[in-house]
Structure formats: structure tokens, C-alpha cells
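Single-letter residue listing:
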Amino acid sequence: MKVSDVFSYAFGAIRLRKLRAGLTTLGVVIGIAAIVALLSISQGLQDSITEQLQTGFATNTLIVSTGGGFGMGPGAMTATESDFNLLVNYTQIIDEIEDVVMSVAVIQKPGCHIRSGERELKLTVVGVDFAKYANIYSSTFEAESGEIPLDPENETVVVGKRVSDPWKNGTLFCDVDDGVEIVWTTGTLFDAKNETYTGHVAAVLKEIGGFGIGPSDSSVYIPILQAQSFFGTDECDTIIVQLENDDEATIESVSEAIDGAFSGQVSVTSSTAMLDIMSSVFSTVELFLAGIAAISLLVAGIGIMNIMIVSLMERTREIGILKALGMKSRTVLSIFLSEAVIVGLMGAAIGIASGWGLAHVVARVFSGGGGFMPAGDHAAAAGGMTITPVLTPTVFLGAFAFGLIVSVVFALYPAWRASKLKPVEALRYE
Amino acid sequence: MTTPVVETTNLKKTYMLGKVPVNALQGVNLKVEKGDFLAILGPSGSGKSTLLNMIGALDKPTEGKVFIEGVDVSTLNDNELADLRREIGFVFQFFNLIPRLTAKGNVELTMAIPGLGKSERRKRAEEVLETVGLKERVNHKPAELSGGERQRVAIARALANNAKFLLMDEPTGNIDSKTASGIIELVKGLNKEKDVTIIIVTHDQHIASQAKRTVQMLDGLIIKEEVN
Ligand SMILES: Nc1ncnc2c1ncn2[C@@H]1O[C@H](COP(=O)(O)OP(=O)(O)O)[C@@H](O)[C@H]1O
Ligand SMILES: [Mg+2]
């Protein structure tokens, strides 16, 4: 029997039982859609995180902290519980180290209130040396309007895009040259003291869209000296170190030198190490998600097998007729397998399409569209991160192959049983 | 003398019903020459269908041999048996048509199995359906046809591949006598005009009288042979 005739016979058999075939296909569709959606979203997420980490923090930087904060990297857990404090002027020590271009201390105070006119937002105030910070993060700490003062006068404020335009609808919270008040509450709950910093907006940063370690859309920046006096501290949260290059050897030697300079009381994380950790976390998550999706496909496969066995009983007589007409066992086998191939191909095609659609829906929900940052005193933690689902050829072909293989593998046994039926017995079957 | 189309020698078949052996055939010797029209008569349970299944290569004997055009069927493997079945036109009591296919589809299927091309088999299907008088019903499914018409489709199917011979197992058993005589006329005509070899199992004395030769079976044995 010709292959085309085998397929059209199989197709006719499927069409006869549309509902049943539809439900069988649905099993494959769901499994494949889940795989495609999960993998394309996580691929997209991975791409955008990688991209943002790369723009947010150049590969030739190290981050020094007292531990905890970035204690993810190998050898980064060296910080202790001693009363070691990272001071702003430690940048001078770090600057002495070979291969260090410069370093910049960062003071970060979350939960500050910023007031402009009647409105108020709650967000993180960051104290940095504008000139150095702009140098390290030249692509992100960049003004969209106004100008970042490299030698700032007192009370200058630089705000992120989401601080200036938190609702993304043209209603500005503040703009260049506006006066703003920053209120920082110190002391205990019952003995709270409000410190107020009055400044004017010198620049609004261009949109970054990231959530990396570097500049953020939803922070307010003030000069480091002002931050020190406003927050009444000489301590900083992190020191960003810019290196001559991003060679592994340089990263290693500078990391060690910094570690040595502070007798192992700081943790040093390189941006490349962060990327590595991120990507390994992602492959694990991806594998896990794919595993879950694969289980759903397995269930679909068992469904196919079940339905084919039922269908085999119903069609015993038909098989008897075919064999009495001289059909060979292998042709009977290929008819049944063709039915599985058709179901598998349709399921995979529909599954990939709907998984792709689902990925876009989910990505849109995640990306937050607009209005992510509610008015009032909540500020968006992460800026509007956009995820674009990515369907790699591997995932596309893999999904197809997987749908097909699952369908065929689970059809093998019923198909084999069908092919082995003896003509007389099959014909006697009621 | 030429080789008989069908020959059985001491053919025996024993079924096991649980632990009880049922001797359906107890040594049948039969010869059918080309162009013959043989009617097999006998009461229910006498082994007629069993004999026909052996000749049609649908089942294997417990003992004895079946020769088709001189070839010992017991020496054939599964694939060769399938090939042989393509050259035998089997007509069943219960028609055994594929319900989802039209009359033409059913006839075409039997030609698609040996790999005949689409246009040829379409042409041939229309031809044989016309021969059995179903020209106007080619696109009807079995459920839309009467019992007599279904049996005609089954006969058309048996004729389509230019079978070496037709085996008919009570082809009129499930249709009314008026339709049955139409079928018999058709079968007689096929034998007379197209020289088709026919072996037909029947209860019907009238049909038997139309045949060239009859054999009488009882308890798995041929007990009487006569030439009309
Ligand atoms: N597959 C089978 N298993 C057990 N017994 C069978 C089977 N086929 C036929 N028989 C028995 O063999 C005998 C002959 O049957 P059959 O050839 O169908 O008779 P007929 O066609 O003459 O009515 C009967 O007793 C029947 O019950
Ligand atoms: Mg019978």
C-alpha cells in the first residue's frame, strides 16, 4: 500500500471520531504549549536579565560590600559578623590597588519620602559621587533632561525616569528645576525624627528599564557629601570598583587585593560572577520547568495509548477485513502509527502556536505594561522590565519532535497488537 | 490435466473450546478446477465456513494441506499469505464492508492494498460496480445501502483484483429471497460469461441447483458429491 494511501486511510479513521481525536490531540497540545511557553518565557527572561545586567553593570566592575548583600559568588561569603563597617573614604584605599581605575562609594537609604508639591512618593535615596558614578555607568547614569552636575552644588538632586514620570501618562511628579523635599525618618517607631532635605532637580535620567545593581529608574540621587551629612553617617553600603579591563586575571587579583586590604572583612563580587550565577540559576529553573511540562506530555502519551487501545477493540473487525483483503501486518502497523503521527503533528503545531501566544500574554502581564507604579507612597521596586519571549529553533524543533515521539512511542504497543491480530479471529469479533 | 485452482488433501481442523476439542474438519478432500462453480451444502456447524477460511488462507489447518494453483499454502509466510489473499475474492455472509467508506471507497481499498494508483483504481471500481449493477450507488456508504446492495458491493470488491476465484460464505444468508435470486443470477453470469471460478457455501437448495457441482458436508466431512 502506498504511503499516501496509508495516510489518507489513517486520516479518514481520525476524522470519523473527531471528538475523540480532538481530545487526544488536546493532551499533546497542552503538553507542548506548556513546554514552549515556559521555555520561551524563561529564555526571554534570561536574555533580558543578561542584557540588563550587562548594561546595568559593566563587566569591568567589582562590587565591594560588607557581605550579605551580594554574598552569592564563590569566595564571597567572607564577610563576618564583626562590627566592620564599610566607610565612604575606603575608596581611597581601593584606588591605590593596581589595575583599579577608580572606585565610588554608594549610600543607599530605602524608604525615604520625596515630596513635590502635594504629591509624595516613597523610594530609595542614593548618595554617590555624580562624576565617578556617571563615569562607571556611562550608559545608564545619563541625563535625559537637565544636566548631571559633575561638581554639584549643595542640595542638587538627580532623579530616575520613573520618579519624574511615575504614572507613565504625562503627569509629571517632578521635572528639572523643580524643588523637592526628601524626608528621612530616623529613630524608633515611638520616637521618630524626620530629617528633611530640600533640593532642586538638576537632571532626570533617561529610562533604564533595568533592575540591576547600577542606576535605577526609581531612585533619587544626591551628592555623596550631602548624603553623608543628611543621613549622618560615614558608612556606605557598597563600593563600586572600576577596573582597567575585565580579564579574569585582573578581576581575580584585584578581588584578592581588596580582600587583603580589609583583612577579609568585605565581600567582593564581580559582575561576571553574577552573570554566571544568574545563568546557572536559570538553567536549573529552566530544566525544572521543562521537566514539569514533560510530565504533562507523558500524561498525554498515556492518554493516546489508552484511546488507541479502546479504538483497537472497536476496530478489531475492521482490521480483520483489511487482513482478509491481503493487507500486510506492517501496513496495519503503519496505519495505526500514522494516526498517532497525525495526532502528534497536529498537537505539536497547535501546541507550539498556543504556547507562543501564551508566552506573550504571560510576558505582558510580567512586564507590567503601564500603571505598575501606583500613586501614593509605593514606588516601583523594579522599573518596567520587559520580557520578550524567545522561541529558539532548538525549542521549536524539539517541541515538534517531542510531540511526535511521545505520540508514536505510546502508540507502538497498541499498533503492534493491531498488526498481530489473526484475520479469522478478528472477523469473528463482535 | 491442468493444476486445480484449489485442492485440499485430508484437511483437518480442531478447535479447542477450553479443554474440549471440536473437530470442525475431519479430513476433507476437494478439487476445484478453473471455471468451476461449486456449491457447498450442509447443516449449520458442519464445517463449511471453516473449510472456506482454510481455502481463503485466513486460517491454518491442524492437519492436511491446501494447495492454491499447486502452491502449498502451509509453506507461505505471513507476507506471502497476505499476497495470496489479494488474489482471492472473499465474500462474507455479513458483507464486511468498511462502514466509513463509500461503495466505491470499499472497492478501491481492496486495490489500494496491492498499491494500485488512484486513477486506475477509480476506473476499475466504477467498472466492477457497474458489473454488479450498482452504477447509481457508488457514492453511498454501506449504511445507506440495502442488504442486497451491500452484498453486491462485497462481490464487486471480490472481483476488483481479478481474483483467481471467488469464495462466498452464505452470501444470501442475510438478504431476502428475491434479492438473493438477483445475486445468484449475478454470480451465475460471472461464472458463465467471465469464466470466474466460484465456490459458494449455502443452505439454499435453489442456489445449489444453479451450480455446476455440489458437495454435501456433515460433521466436518464431505458425504456426497454430485454434478448437476
Ligand atoms: N474459532 C472457533 N473456535 C471454536 N470452535 C469453532 C471456531 N470456529 C468454528 N468452530 C466450531 O467448528 C464447527 C464448524 O463451524 P463452521 O465451520 O462455522 O460451521 P458452518 O459454517 O458449517 O456452520 C462448529 O461446531 C463451530 O462451533
Ligand atoms: Mg458458516
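About the thresholds
- Residues numbered from 1 in each chain as written.
- Chains lettered and ligands numbered in written order.
- Predicted model: local features only at pLDDT ≥ 70, side-chain atom pairs only at ≥ 80, totals over all residues.
- Heavy atoms only, no water.
- Helix = DSSP H or I, 4+ residues; strand = E, 2+ residues; numbered from the N terminus.
- Buried < 20%, exposed > 50% of the residue type's maximum accessible area, 1.4 Å probe, protein only.
- Contact = heavy atoms within 4.5 Å.
- Core = buried A, V, L, I, M, F, W, Y, C linked by side-chain atoms within 4.5 Å.
- Domains from an automatic or database assignment.
- Salt bridge = Lys/Arg side-chain N within 4 Å of Asp/Glu carboxyl O.
- Pairing = 2+ DSSP bridges.
- Axes fitted to C-alpha atoms, helices over the stretch in contact; angles between N-to-C directions.
- Arc of directions from axis to C-beta.
- Polar contact = N/O pair within 3.5 Å; in protein donor to acceptor, adjacent residues only side chain to side chain.
- Near = heavy atom within 4 Å.
- Areas by Shrake-Rupley, 256 points an atom, 1.4 Å probe, with all protein chains shown as cover.
- Parallel < 35°, antiparallel > 145°, perpendicular 65-115°, else oblique.
- Left-handed = near helix turned anticlockwise from the far one by under 90°.
- Nonpolar A, V, L, I, M, F, W, Y, C, P; charged D, E, K, R; others polar.
- Buried area = accessible area lost by both parts, 1.4 Å probe.
- pLDDT = per-residue confidence, 0-100.
- Patch = residues over 30% accessible without salt bridge, like charges linked within 9 Å, V, L, I, M, F, W, Y side chains within 5 Å.

Caption draft 1: Spatial organisation of the overall build of chain A. Scanning chain A from terminus to terminus reveals 12 helices and 10 strands. Counting across all 430 residues of chain A, residues that qualify as buried make up 49%. Taking contacts inside chain A between residues at least 6 apart in sequence as the whole, the part at least 24 apart equals 79%.

Caption draft 2: Looking closely at the nonpolar core. Core analysis: the largest hydrophobic core is formed by 73 residues, its most contacted members being A:Phe336, B:Ile40 and B:Leu51. In terms of residues, this core owes the most to one element, helix α10 (residues 329-367) of chain A, which gives 8 residues. For B:Ile40, the residues in contact, after removing those within four places along its chain, are B:Lys48, B:Leu51, B:Leu52, B:Ile199, B:Ile200, B:Val201, B:Thr202, B:Val215 and B:Met217. Of all hydrophobic cores here, the second largest spans 44 residues; its members include A:Tyr90, A:Ile107, A:Cys236 and A:Ile258.

Caption draft 3: Here's a closer look at the domain arrangement of chain A. Each assigned domain of chain A is listed with its residue range as follows: domain 1 (3-54 + 276-427) and domain 2 (80-265). Each of domain 1 of chain A and domain 2 of chain A was reduced to a C-alpha centroid, and the two centroids are 49 Å apart.

Caption draft 4: Examining the pattern of salt bridges more closely. Scanning the entire structure with this criterion turns up 26 salt bridges over all chains. Taking the shortest distance from any N to any O, the salt bridge between B:Lys104 and B:Glu126 comes out at 3.1 Å. Residue B:Lys104 is located in helix α3 (residues 103-112), and its partner B:Glu126 is located in helix α4 (residues 118-131); the two are separated by 22 residues in the primary sequence. Residues joined by salt bridges that share partners form a network here, namely A:Asp5, B:Glu108, B:Arg121 and B:Arg122.

Caption draft 5: Layout of the sheet that holds strand β9 (residues 213-218) of chain B. All names here are of chain B. Overall, mixed pairing links the 6 strands, which are arranged β6-β7-β8-β3-β9-β10 in an open sheet. A strand with exactly one partner marks an edge of an open sheet, and here the two such strands are β6 (88-91) and β10 (221-227). Across this sheet, the average inter-strand angle for adjacent strands is 15°, counted without regard to direction. Both β6 and strand β7 (residues 165-169) contribute to a ladder of 4 bridges, which runs parallel. Note on β7: the bridge partner recorded for Gly-89 is Leu-166. In the packing of helix α5 (residues 147-160) onto the sheet, contacts are made with β6 and β7, and the angle to β6 comes to roughly 170°.

Caption draft 6: How the structure looks around helix α2 (residues 78-85) of chain B. Where α2(B) is concerned, the buried positions are B:Leu81, B:Ala82, B:Leu84 and B:Arg85. One face of α2(B) carries all of its buried residues, which in axial projection span an arc of 160°. Packing partners of the buried residues in α2(B) comprise α9 (316-324) and α12 (423-428) of chain A together with β4 (63-68) and β6 of chain B. Where α2(B) begins, the capping side chain belongs to B:Asn77, and its oxygen is found 3.1 Å from the backbone nitrogen of B:Asn79.

Caption draft 7: A look at the site of ligand 1. Lining the immediate environment of ligand 1, one finds A:Arg428, B:Tyr15, B:Val22, B:Ala24, B:Pro43, B:Ser44, B:Gly45, B:Ser46, B:Gly47, B:Lys48, B:Ser49 and B:Thr50. Taken together, the residues near ligand 1 originate from chains A and B. Contact with the protein chains covers 73% of the free accessible surface of ligand 1, which is 560 Å². Sorting the residues of the shell around ligand 1 by element identifies β2 (20-32) and α1 (48-55) of chain B as the ones contributing at least two each. At 3 residues, α1(B) tops the list of elements feeding residues into the shell around ligand 1.

Caption draft 8: Molecular detail of the sheet that holds strand β5 (residues 71-72) of chain B. Residue and element names in this part refer to chain B. The strand order across the open sheet formed by 4 strands is β2-β1-β4-β5, and the pairing between neighbours is antiparallel. Since the sheet does not close on itself, it has two edges, and those belong to β2 and β5, each with one partner. Both strand β1 (residues 6-17) and β4 contribute to a ladder of 5 bridges, which runs antiparallel. Within β4, the residue paired with Lys-12 across the bridge is Glu-63. Here α1 sits on the sheet in contact with β1, β2 and β4, set at roughly 120° to β1.

Caption draft 9: Examining the packing of α4(B) against α5(B) more closely. All names here are of chain B. Look at α4 against α5: their axes get within 9 Å of each other, and the N-to-C directions meet at 130°. By the angle between their directions, the pair α4 and α5 is classed as oblique. Considering how the two elements wind past one another, α4 and α5 form a crossing that is right-handed. Here α4 contributes Arg-124, Val-128 and Leu-129 to the contact with α5, which in turn contributes Val-153, Ala-156, Leu-159 and Ala-160. The residue inventory of the contact of α4 with α5, partitioned by class, reads 6 nonpolar, no polar and 1 charged.

Caption draft 10: Examining the interface of chain B and chain A more closely. Each side of the interface is counted separately: chain B has 26 residues, and chain A has 22 residues. Taking both partners together, chain B and chain A bury about 2200 Å²; carbon and sulfur atoms supply 56% of that area. Connecting chain B to chain A are 3 salt bridges. Linking A:Asp5 and B:Arg121 is a salt bridge whose minimum nitrogen-to-oxygen distance equals 2.8 Å. Counting across the chain B and chain A interface gives 8 residue pairs in polar contact (both at pLDDT 80 or more). Secondary-structure elements contributing two or more residues to the side of chain B that touches chain A are α2, α3 and α4 of chain B.

Caption draft 11: Spatial organisation of the pairing of β10(B). Residues and elements named next belong to chain B. Sheet topology places β9 next to β10; 6 bridges connect them, and they run antiparallel. Its bridge partner being in β10, Arg-213 is matched across the sheet by Val-227. Here β9 folds back onto β10, and the loop between the two strands holds 2 residues, one of which, Asp-219, carries a positive phi near 50°.

Caption draft 12: Structural view of the confidence of the model for chain B. Overall, the predicted model of chain B reaches an average pLDDT of 92, with 100% of residues at or above 70. Two numbers describe this predicted complex: its pTM, 0.71, and its ipTM, 0.94.

Caption draft 13: Up close: the environment of A:Leu312. Residues and elements named next belong to chain A. Structurally, Leu-312 is set in helix α8 (residues 271-314). Taking C-alpha positions, Leu-312 is 8.1 Å from Ala-415, a pair spaced 103 residues apart along the chain. The residues touching Leu-312, leaving out its near neighbours within four places in the chain, are Ile-319, Phe-336, Pro-414, Arg-417 and Ala-418.

Caption draft 14: Representation of the packing of α3(B) against α4(B) in the model. Residue and element names in this part refer to chain B. One way to put it is that α3 packs onto α4 with a least axis distance of 9 Å and a crossing angle of 125°. One finds that α3 runs oblique with respect to α4. The way α3 lies across α4 gives a crossing that is right-handed. Listed contacts from α4 to Ala-103, Lys-104, Val-107, Glu-108, Met-111 and Ala-112 of α3 are Lys-118, Arg-121, Arg-122, Arg-124, Ala-125, Glu-126, Val-128 and Leu-129.

Caption draft 15: Spatial organisation of the pairing of β9(B). Inspection of the sheet shows strand β3 (residues 37-41) of chain B paired to β9(B) by 4 bridges, in the parallel sense. Looking across to β9(B), one finds that B:Leu38 is bridged to B:Arg213.

Caption draft 16: Spotlight on a nonpolar patch on the surface. Taken together, the side chains of A:Leu19, A:Leu23, A:Leu26 and A:Ile30 present a nonpolar region at the surface, about 420 Å² in accessible area. Looking at the element boundaries, A:Leu23 is found in helix α2 (residues 18-56).

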